[in-house]
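Listed here are the chains, written in short residue letters.
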Amino acid sequence: MAARKGRRRTCETEEPMEAESREAGSEGPAQVYLPGRGPSLREGEELVMDEEAYVLYHRAQTGAPCLSFDIVRDHLGDNRTELPLTLYLCAGTQAESAQSNRLMMLRMHNLHGTKPPPSEGSDEEEEEEDEEDEEDRKPQLELAMVPHYGGINRVRVSWLGEEPVAGVWSEKGQVEVFALRRLLQVVDDPQALAAFLRDEQARTKPIFTFAGHMGEGFALDWSPRVPGRLLSGDCHKNIHLWTPTDGGSWHVDQRPFVGHTRSVEDLQWSPTEDTVFGSCSADASIRIWDIRAAPSKACMLTTAAAHDGDANVIHWSRREPFLLSGGDDGALKVWDLRQFKSGSPVATFKQHVAPVTSVEWHPQDSGVFAAAGADNQITQWDLAVERDPEAGDAEAEPGLADLPQQLLFVHQGETDLKELHWHPQCPGLLVSTALSGFTVFRTISV
């Protein structure tokens, strides 16, 4: 199954975005389109992708949509910018029937950059060469799948020494751990993949299962500092701590961490302290915990009204003492953990016009982050950007002057966006999942 790369009837471009009229007989200039700002598209108008705004752009579909995925760190090296790229994803489906779901390992490879437009004076021979080149540049996708009963709400991957594992939150109320080594092996070898799908796929089972949540959930995070340490949070406000044991198993503390009053939406371990984690909830709060205390007393800091409505997602910066959050109010907020007791964020950004579904700091650039929303926008931001006061706004397109100056890029065209991740080994590369499938892209802005 080949990943599909192509032009879409949508727009993903650096601001401003262009809405080109396709009405019969209309040859007018392209117009600026800003989601949630200014007029909506009229009948006969469509958004067109500006390929020059992308260094790389590919799409892939896997059949049933995936609500969640994670990028698997590989052994191909860090700081990879040379094209074509190869990357590995672990994802879980949300199929129409429980028995039709799969946990999948995806290998996307031969990912080339966007092609420059053909020159005006190109001849037939050059066009034939371009067609041959296009065949060589086709992106490829290998899939290794194992059956999973029930839709998969969230997938998070970690390495336990040399063993890759995936934590999986099932809509059936269980949290499972799957070994990924075999799946990673077979997506690199077509013959081994065929044999696996024929002989082994149906027999692959989780290596550990916890059913103590008594209902489904979404929040899940592996510790980046203590291999095998895991947190899981459910829709009944409970958070459980998993501790690895000798022999490749886990001990799950049956005593939940007490504090939230509604569904726990997201969890994040501190990248600098072994025992500290953060959580956010449908009760609108963000809490900071320390597992050295008893679960009933472990909540150390609370911002009760972090968002106007559900606090959906958080991400802890690997480079600064900042926590990033997104909520049902469409707001993105940056919290300085040294000032968390104040209850006030150090920055608030409002570009999304629907609930924020995913946020993540750039793994290398401390001031850059990305967010996805139910308004089908992916936004890229840079805290270090300030508008040049001498430039003024006189030449700005209508509606652009009041955009947040830290907003770098707006990507559109997905349907029902769910989750995004920066690739930790390929600077600037973003991967997202939506009802419309996976998108892999790098913009000219980051």
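Residues numbered from 1 in each chain as written. Predicted model: local features only at pLDDT ≥ 70, side-chain atom pairs only at ≥ 80, totals over all residues. Heavy atoms only, no water.

This part is about the overall build of the chain. In terms of regular secondary structure, the chain is built from three helices and 32 strands. Per-residue burial for the chain yields a buried fraction of 54% across its 446 residues. Pairs at least 24 residues apart make up 60% of the contacts formed inside the chain by residues separated by at least 6 positions. Total accessible area computed for the chain in this model is approximately 20,000 Å², and 46% of it derives from carbon and sulfur atoms. (Helix = DSSP H or I, 4+ residues; strand = E, 2+ residues; numbered from the N terminus. Buried < 20%, exposed > 50% of the residue type's maximum accessible area, 1.4 Å probe, protein only. Contact = heavy atoms within 4.5 Å. Areas by Shrake-Rupley, 256 points an atom, 1.4 Å probe, with all protein chains shown as cover.)

Let us look at the pattern of salt bridges. Going through the model one piece at a time under the given rule, you end up with 17 salt bridges. In this structure, the salt-bridge partner of aspartate 266 is arginine 154, at a minimum N-O distance of 3.5 Å. Within this pair, whereas aspartate 266 is found in strand S18 (residues 264-269), its partner arginine 154 is found in strand S10 (residues 152-160), the two being separated by 112 residues in sequence. For the pair aspartate 266 and arginine 154, a shared accessibility class is recorded, and that class is buried. Across the salt bridge formed by arginine 182 and glutamate 200, the nearest N and O atoms sit 2.9 Å from each other. (Salt bridge = Lys/Arg side-chain N within 4 Å of Asp/Glu carboxyl O.)

This brings us to the pairing of strand S27 (residues 368-373). Among the six residues that make up S27, six are buried, leaving the element largely enclosed by the rest of the structure. Burial of S27 is two-sided: the residues Val368, Ala370 and Ala372 facing one way and the residues Phe369, Ala371 and Gly373 facing the other way are all buried. Judged from the five bridges that link them, strand S26 (residues 356-361) and S27 form a sheet pairing that is antiparallel. In the strand pairing of S27, valine 359 is matched with alanine 371. Hairpin connection of S26 to S27: six residues between the antiparallel strands. Counting the residues between successive antiparallel strands, the hairpin from S27 to strand S28 (residues 378-382) contains four residues, one of them, asparagine 376, with a positive phi of roughly 65 degrees. (Pairing = 2+ DSSP bridges.)

To continue, consider the sheet that holds strand S32 (residues 437-443). Pairing in this open sheet of four strands is antiparallel, and the strands run S5-S32-S31-S30 from one edge to the other. The two strands at the open ends of the sheet, each matched to only one other strand, are strand S5 (54-60) and strand S30 (417-422). When strand polarity is set aside, the average angle formed by the axes of neighbouring strands in this sheet is 15 degrees. Sheet analysis places S30 next to strand S31 (residues 430-434), joined by five bridges and oriented antiparallel. (Axes fitted to C-alpha atoms, helices over the stretch in contact; angles between N-to-C directions.)

All right, on to the layout of surface pockets then. When its volume is computed, the largest pocket comes out at roughly 940 Å³. As for the largest pocket, its lining consists of 39 residues, and the residues nearest its centre are Asp70, Val157, Asp221, His315 and Arg318. Residue assignment for the lining of the largest pocket shows that the elements contributing at least two residues are strand S6 (66-71), S10, strand S14 (217-222), S18, strand S22 (311-316), S26 and S30. Along the lines of polarity and charge, the residues of the lining of the largest pocket split into 17 nonpolar, 10 polar and 12 charged. (1 Å grid on protein atoms, 1.4 Å probe; cavity = no way out; pocket = protein on both sides within 12 Å on 5 of 7 lines; lining within 4 Å. Points joined across faces, edges and corners; volume = space filled by probe spheres on them. Nonpolar A, V, L, I, M, F, W, Y, C, P; charged D, E, K, R; others polar.)

This model, assessed by the stated rule, comprises 18 aromatic pairs. Judged by centre distance (5.6 Å) and plane angle (85 degrees), the ring pair of phenylalanine 69 and phenylalanine 438 falls under edge-to-face. Placement of the pair is phenylalanine 69 in strand S6 and phenylalanine 438 in strand S32, with a sequence separation of 369 residues. Ring pairs connect the aromatic residues Phe208, Phe210, Trp222, Trp242 and Trp250, which therefore count as one cluster. (Phe/Tyr/Trp six-rings, centres within 6.5 Å; stacked < 30°, edge-to-face > 60°.)

Glancing now at the sheet that holds strand S11 (residues 163-170). Reading across from one edge, S10-S11-S12-S13 is the order of the four strands in this open sheet, with antiparallel pairing throughout. Among the strands making up the open sheet, the edge pair consists of S10 and strand S13 (208-210). Direction aside, neighbouring strands of the sheet carry axes that sit 20 degrees apart on average. Strand direction decides the pairing type here: S11 and strand S12 (residues 175-179), joined by five bridges, are antiparallel. Paired with valine 165 across the strands is alanine 179, a residue of S12.

Time to look at the UniProt feature "repeat: WD" (unreviewed entry) in the chain. Here, the residues flagged by UniProt with the feature "repeat: WD" (unreviewed entry) are residues 257-292, 304-338 and 349-383. A helix fraction of 0% and a strand fraction of 47% characterise residues 257-292, whose end C-alpha atoms lie 12 Å from each other. Each end of residues 349-383 is marked by a C-alpha atom, and these two atoms are 10 Å apart; helix forms 0% of the span and strand 51%. (UniProt positions renumbered as here; feature names shortened; annotations may be inferred.)

Bringing helix H3 (residues 190-200) into the picture now. Turning to H3, its buried residues number three or more, namely Ala192, Leu193 and Phe196. Within H3, the buried residues cover an arc of 100 degrees as seen down the axis, which keeps them to one side. Those residues of H3 that are exposed and angled more than 90 degrees off the buried face are Pro190, Gln191 and Arg198. In the core, the buried residues of H3 are packed alongside strand S9 (140-147) and helix H2 (181-186). (Arc of directions from axis to C-beta.)

Turning our eyes to something else, we now look at the confidence of the model for the chain. Should pLDDT be low for a region, the predicted coordinates there are not to be read in detail. This prediction gives the chain a mean pLDDT of 89; 86% of its residues lie at or above 70. Long-range and interchain partners of residues 1-25, a stretch whose pLDDT sits below 50, account for 101 contacts in this model, where long-range means more than four residues apart. (pLDDT = per-residue confidence, 0-100.)

Next up on the list: the nonpolar core. If you look at soluble globular proteins, the nonpolar side chains tend to sit buried side by side. Counting 21 residues, the largest nonpolar core has Cys90, Leu103 and Met105 as the members making the most contacts within it. Elements with a minimum of two residues in this core: strand S7 (85-93), strand S8 (102-111), S9, S10, S11, H2 and H3. Once you skip the residues sitting within four places of it in the chain, cysteine 90 turns out to touch Phe69, Asp70, Val72, Leu103, Met104, Met105, Val155, Val157, Ala166 and Leu180. Membership of the second largest hydrophobic core comes to 20 residues, among which are Leu89, Met104, Leu106 and Cys426. (Core = buried A, V, L, I, M, F, W, Y, C linked by side-chain atoms within 4.5 Å.)

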